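# Coordinate analysis (summary)
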Amino acid sequence: MNSHAEWQSELAQAFRSSHELQSYLGWELPELSKYPLLVPQKLAAHLKQLGPTSPLAKQFLPNERELDDDGLVDPIGDQVHAQSKQLIHRYHNRALLIPTTVCPVNCRYCFRKNELTGSEVFAQDQSMTLNYLAAHPEIEEVIFTGGDPLVLSDEKLSHWLAKLATIDHIRFIRFHSRVPVILPSRLTDDFKSVLESFAERFKFLMVVHTNHVSEWTPEAVESVKKFTPRGLTWLSQSVLLKDINDDQQELCKLFRFLASLNVRPYYLHHPDQVRGGMHFWLSLKEGRKIWATLRDRLPGWMLPEYVIDIPQGHGKVQAFNPESLDFSGTLLSRKGLPVTLSDEATRL
Ligand SMILES: *Cc1c(COP(=O)(O)O)cnc(C)c1O
Ligand code: SF4
């Protein structure tokens, strides 16, 4: 195995300064100090091609409105359910594992944008995490998220998988990642072999995070088509984003395209009310209107579930209300109970 793979050099050489990116692109970027910038070079080349007002530029380049101070710092209330810094056990049979807070890119709409520092790895938390998982036989699935779990080396991922394989009740391993689109060279044959070496032990799910067809370069398309380890299922998750994909035609295009890659659309997230990302936000009524028209255009297997994370740790629930497009002021929690939100979280 290469000690330093191509994708690792690509990540190391990413643009991290707006001055350098600005002179490469040839157009001006706002000077922001609050949120860091991270754009890999191949993405920058793609951005340059598509231009400063493209859906791609809006997702990955800084915007003055990030300095507005409305929105919530921890919009989905992750801290309420954190078992350690690394593990979030909110749902009975599955838990989120955050092995790293590093990402391959900084998405400007990210719901963790006020929490991600980009450098923590929580190595000290690993034994706490494994003890917790071992002590909770109801947990069948571990969901690697972050940050982005696929920025970890093959060695680190194998190490995690080997440890998790010793806990009998864990049967499913899921990855949530933006890497297949942003850093497709990461989907190497070596990584495929790592997953295949656990194929008898785990069922794997790879959930690619993608919001717009224009994100997909020929390299990303080819890498995803080729990355078919035995026993792995491809799914997708997208975030509904104002002025990017809040449009029936764009979403249809995206989901059809994913289906053509053998990726089953899984979730469409209603945007969270995140501080610094409120310019991407739209109301639940607007979101419902768009989603309702998709049902007519796409077969059920191409239609993702439309979900919303209720603020303050109430979790993910269906965002579509078949009775009414209007938001009634209450959402039903996973337990079927009406949720009363605090004042700052009620703007839905
Ligand atoms: C979304 C989420 C999951 C995964 O939920 P699924 O319905 O299995 O996709 C697990 N834990 C947390 C905290 C989540 O937010
Ligand atoms: S890759 Fe995911 S966690 Fe990282 S910045 Fe983008 S949305 Fe946020």
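The structure we're discussing is the one just above.
Within each chain, residues carry numbers counting from 1 in the order of the written sequence. As a convention, the first chain written is A and the first ligand written is 1, with the rest following in written order. For this predicted model, a pLDDT threshold of at least 70 governs which residues receive local features, and a threshold of 80 or more governs which side-chain atom pairs are given and counted, while totals over whole chains, interfaces and linings are taken from all residues. Excluded from the side-chain calculations are hydrogens and water; all other atoms, namely the structure's heavy atoms, are used.

### Examining helix H2 (residues 18-25)
Quick reminder: α-helices carry 3.6 residues per turn. Residues three or four places apart thus point the same way. Burial status follows relative accessibility: with a 1.4 Å probe on protein chains alone, a residue under 20% of its type maximum counts as buried, one over 50% as exposed, and anything between as partly exposed. Going along the chain from the N terminus, every DSSP run of H or I of four or more residues is numbered as a helix, and every run of E of two or more is numbered as a strand. The complete set of buried residues in H2 reads Ser-18, Leu-21, Gln-22 and Leu-25. Here the buried residues of H2 occupy an arc of 100° about the axis, which is enough to place them on one side. Away from the buried face of H2 by more than 90 degrees, exposed residues His-19, Glu-20 and Ser-23 are located. Every residue pair with non-hydrogen atoms within 4.5 Å of one another is taken to be in contact. Among the structural elements, helix H3 (41-50) are those in contact with the buried residues of H2. Throughout, the arc means the angular range of directions from the helix axis out to the C-beta atoms.

### Quick notes on the site of ligand 2
Taken together, 8 residues lie around ligand 2, and Cys-103, Val-105, Cys-107, Cys-110 and His-209 are the ones closest in. Class assignment for the residues of the shell around ligand 2 results in 5 nonpolar, 2 polar and 1 charged. Nearness is defined per residue: one heavy atom within 4 Å of the molecule or strand is enough. Three classes are used, and their members are as follows: Ala, Val, Leu, Ile, Met, Phe, Trp, Tyr, Cys and Pro are nonpolar, Asp, Glu, Lys and Arg are charged, and the others, Gly among them, are polar.

### Concerning the packing of helix H5 (residues 126-134) against helix H6 (residues 154-165)
All axes here are fitted lines through C-alpha atoms, helices being fitted over the stretch that makes contact, and every angle between N-to-C directions spans 0 to 180 degrees. Between H5 and H6, the shortest axis-to-axis distance is 10 Å and the interhelical angle comes to 30°. When the axes of H5 and H6 are compared, the crossing they make is right-handed. Residue-level contacts link Gln-126, Thr-129, Leu-130 and Leu-133 of H5 to His-159, Trp-160, Lys-163 and Leu-164 of H6. Working rule for handedness: look at the near helix, and if it is turned counterclockwise from the far one by less than a right angle, call the crossing left-handed; if clockwise, right-handed.

### Observations regarding the site of ligand 1
Lining the immediate environment of ligand 1, one finds Ile-88, Arg-90, Tyr-91, Arg-94, Leu-96, Ile-143, Arg-174, Tyr-266, Tyr-267 and Lys-316. A distance of 2.7 Å separates an oxygen atom of ligand 1 from a polar side-chain atom of Arg-174. We define a polar contact as two N or O atoms separated by no more than 3.5 Å, with the added condition that, inside protein, one atom must be a possible hydrogen donor and the other a possible acceptor, whereas residues neighbouring each other in sequence contribute only through side-chain atom pairs. The side chain of Tyr-266 places a nitrogen or oxygen atom 2.7 Å from an oxygen atom of ligand 1. Going through the elements one at a time, strand S1 (87-91), strand S2 (94-97) and strand S7 (264-269) are the ones with two or more residues in the shell around ligand 1. Looking at the shell around ligand 1, the element that brings in the most residues is S1, giving 3 residues.

### Quick word on the packing of aromatic side chains
Each Phe, Tyr or Trp ring, with Trp reduced to its six-membered ring, pairs with another whose centre is within 6.5 Å; inter-plane angles below 30 degrees give stacked pairs, above 60 give edge-to-face pairs, and intermediate values give tilted ones. The tally for this structure, following the rule as stated, stands at 14 aromatic pairs. Measuring from centroid to centroid gives 6.5 Å for Phe-175 and Phe-191, while their planes differ by 75°, and the two rings are edge-to-face. Residue Phe-175 is found in strand S4 (residues 172-177), and its partner Phe-191 is found in helix H8 (residues 189-197); the two are separated by 16 residues along the sequence. With a centroid separation of 6.3 Å and 15° between ring planes, the pair formed by Phe-175 and Phe-204 is classed as stacked. With Phe-175 in strand S4 and Phe-204 in strand S5 (residues 203-209), the pair connects residues that are 29 residues apart, well separated along the chain. This pair shows no difference in class: Phe-175 is buried, exactly as Phe-204 is. One aromatic cluster in this structure is built from Phe-144, Trp-160, Phe-175, Phe-191, Phe-198, Phe-202, Phe-204, Phe-227 and Trp-234. The rule is short: NZ of Lys or CZ of Arg within 6 Å of the ring centre and within 35 degrees of the ring normal puts a charge over the ring. A cation sits over an aromatic face here: Arg-186 above Phe-191, 4.5 Å from the ring centre.

### Things to note about the side chain of Arg-112
On the secondary structure map, Arg-112 appears in the loop between S2 and H5. The class for Arg-112 is buried, based on a relative accessible area of 7%. One polar contact links the side chain of Arg-112 to the main-chain carbonyl oxygen of Gly-146, over a distance of 2.5 Å. For Arg-112, the residues in contact, after removing those within four places along its chain, are Asp-78, Ile-88, Leu-96, Ile-98, Thr-145 and Gly-146.

### Points about the sheet that holds strand S9 (residues 315-318)
Within the open sheet, the 9 strands sit side by side as S1-S2-S3-S4-S5-S6-S7-S8-S9. Their pairing is mixed. Each edge of the open sheet carries a strand with a single partner, namely S1 and S9. The average undirected angle you get between the axes of adjacent strands in this sheet is 25°. A pair of strands is labelled paired if DSSP reports no fewer than 2 bridges between them. Bridge count between S2 and strand S3 (residues 141-144): 4 bridges; the pairing is parallel. Its bridge partner being in S3, Leu-97 is matched across the sheet by Phe-144.

### Looking at the environment of Leu-152
Tracing the backbone through its elements, the reader meets Leu-152 in the loop between S3 and H6. Among the residues examined, Leu-152 registers a relative accessible area of 7% and is labelled buried. Between the C-alpha atom of Leu-152 and that of Ser-283, which follows or precedes it by 131 residues, the distance is 36 Å. Setting aside chain neighbours within four positions, we find Leu-152 in contact with Trp-7, Pro-99, Thr-100, Leu-157, Trp-160 and Arg-186.

### Regarding the pattern of salt bridges
Salt bridge criterion: a side-chain nitrogen from Lys or Arg within 4 Å of a carboxyl oxygen from Asp or Glu. Tallying each qualifying case throughout the model produces 12 salt bridges. We note a salt bridge from Arg-171 to Glu-140, for which the minimum N-O separation is 2.7 Å. Of this pair, Arg-171 sits in the loop between H6 and S4 while Glu-140 sits in the loop between H5 and S3; the two residues are 31 residues apart in sequence, bridging distant segments of the chain. Classification of Arg-171 by relative accessible area gives partly exposed; the value is 43%. Among the residues examined, Glu-140 registers a relative accessible area of 25% and is labelled partly exposed. Residues Glu-141 and Arg-174 are paired through a salt bridge, measuring 2.7 Å at the closest nitrogen-oxygen approach.

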